[in-house]
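# Chain and residue survey
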Amino acid sequence: MEKQTKQWLVRGSLLGFIAGSIFVASNKQARTKVITIANTTKTRTQHWIQVINDNRDSVMQQLQASKDNIMTIVDEASEDVETLMETSKNLKSHALNLVSSVQDSKEELLQLTAKLQAEKDMLEPSQELLPAPDEEDDQKKLEEL
């Protein structure tokens, strides 16, 4: 499948180049524009090649300085990533310890609540042990008042 795609791409590019060449060859304005762009590109390329050749040492020093600067930044970034990884591991450990402590506290509070409830139940008199009030006695007391 890849071979067919590659062949299709090569054929399409070749046809596009041929069609473009025919258009440029038949259109004087397009020919002039292509020639102008080619000359401009050639002139600029020659200029920059000459500038680099004339200043080879300073260009090489600048490139070396840029490379050293980039390497320093990359090294610092690597150290920062290592620090972040260590910190995240420590945070995970602290979070697990915190969850464990909260669960222990919850269990202790539940035990304390159960103990206090049991003591409260023992101290409160039961309503069933008290005698039922006589309704007649209550009415007599009300009438006396």
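Residues numbered from 1 in each chain as written. Predicted model: local features only at pLDDT ≥ 70, side-chain atom pairs only at ≥ 80, totals over all residues. Heavy atoms only, no water.

Moving on: the overall build of the protein chain. Summing up its helical and strand segments, the protein chain has four helices and zero strands in all. Secondary structure elements of the protein chain occur, N-terminal to C-terminal, as α-α-α-α. Relative to its 145 residues, the protein chain shows a buried fraction of 1%. As presented, the protein chain carries roughly 14200 Å² of accessible surface, and 60% of it is formed by carbon and sulfur atoms. (Helix = DSSP H or I, 4+ residues; strand = E, 2+ residues; numbered from the N terminus. Buried < 20%, exposed > 50% of the residue type's maximum accessible area, 1.4 Å probe, protein only. Areas by Shrake-Rupley, 256 points an atom, 1.4 Å probe, with all protein chains shown as cover.)

The subject of this paragraph is helix 2 (residues 28-54). Compared with the 39 Å implied by 1.5 Å per residue over 27 residues, the 39 Å span of helix 2 between its first and last C-alpha is a close match. The opening residue of helix 2 is Asn-27, an N-cap whose side-chain oxygen sits 3.1 Å from the backbone nitrogen of Gln-29. (Expected span 1.5 Å × (residues − 1). Polar contact = N/O pair within 3.5 Å; in protein donor to acceptor, adjacent residues only side chain to side chain.)

Put simply, helix 1 (residues 2-26) and helix 2 touch, their axes get as near as 5 Å, and they point 105° apart. When the axis of helix 1 is compared with that of helix 2, the two are roughly perpendicular. Here Phe-23, Val-24, Ala-25 and Ser-26 of helix 1 come into contact with helix 2, specifically with Lys-28, Ala-30, Arg-31 and Val-34. (Axes fitted to C-alpha atoms, helices over the stretch in contact; angles between N-to-C directions. Parallel < 35°, antiparallel > 145°, perpendicular 65-115°, else oblique. Contact = heavy atoms within 4.5 Å.)

Moving on: a nonpolar patch on the surface. Nonpolar side chains collect at one region of the surface, where Leu-14, Leu-15, Phe-17, Ile-18 and Ile-22 lie side by side and expose about 550 Å² of accessible area between them. Here Ile-22 shows up in helix 1. For Ile-22, a relative accessible area of 55% puts it in the exposed group. (Patch = residues over 30% accessible without salt bridge, like charges linked within 9 Å, V, L, I, M, F, W, Y side chains within 5 Å. Salt bridge = Lys/Arg side-chain N within 4 Å of Asp/Glu carboxyl O.)

A few words now on helix 1. Compared with the 36 Å implied by 1.5 Å per residue over 25 residues, the 36 Å span of helix 1 between its first and last C-alpha is a close match. Burial analysis of helix 1 places just zero of its 25 residues in the buried class, which makes it a mostly uncovered element.

Here we take up the confidence of the model for the protein chain. On average, residues of the protein chain score 84 in pLDDT, and 84% of them reach the 70 mark or higher. Within the protein chain, helix 2 carries the highest mean pLDDT (91), whereas helix 4 (residues 135-144) carries the lowest (62). (pLDDT = per-residue confidence, 0-100.)

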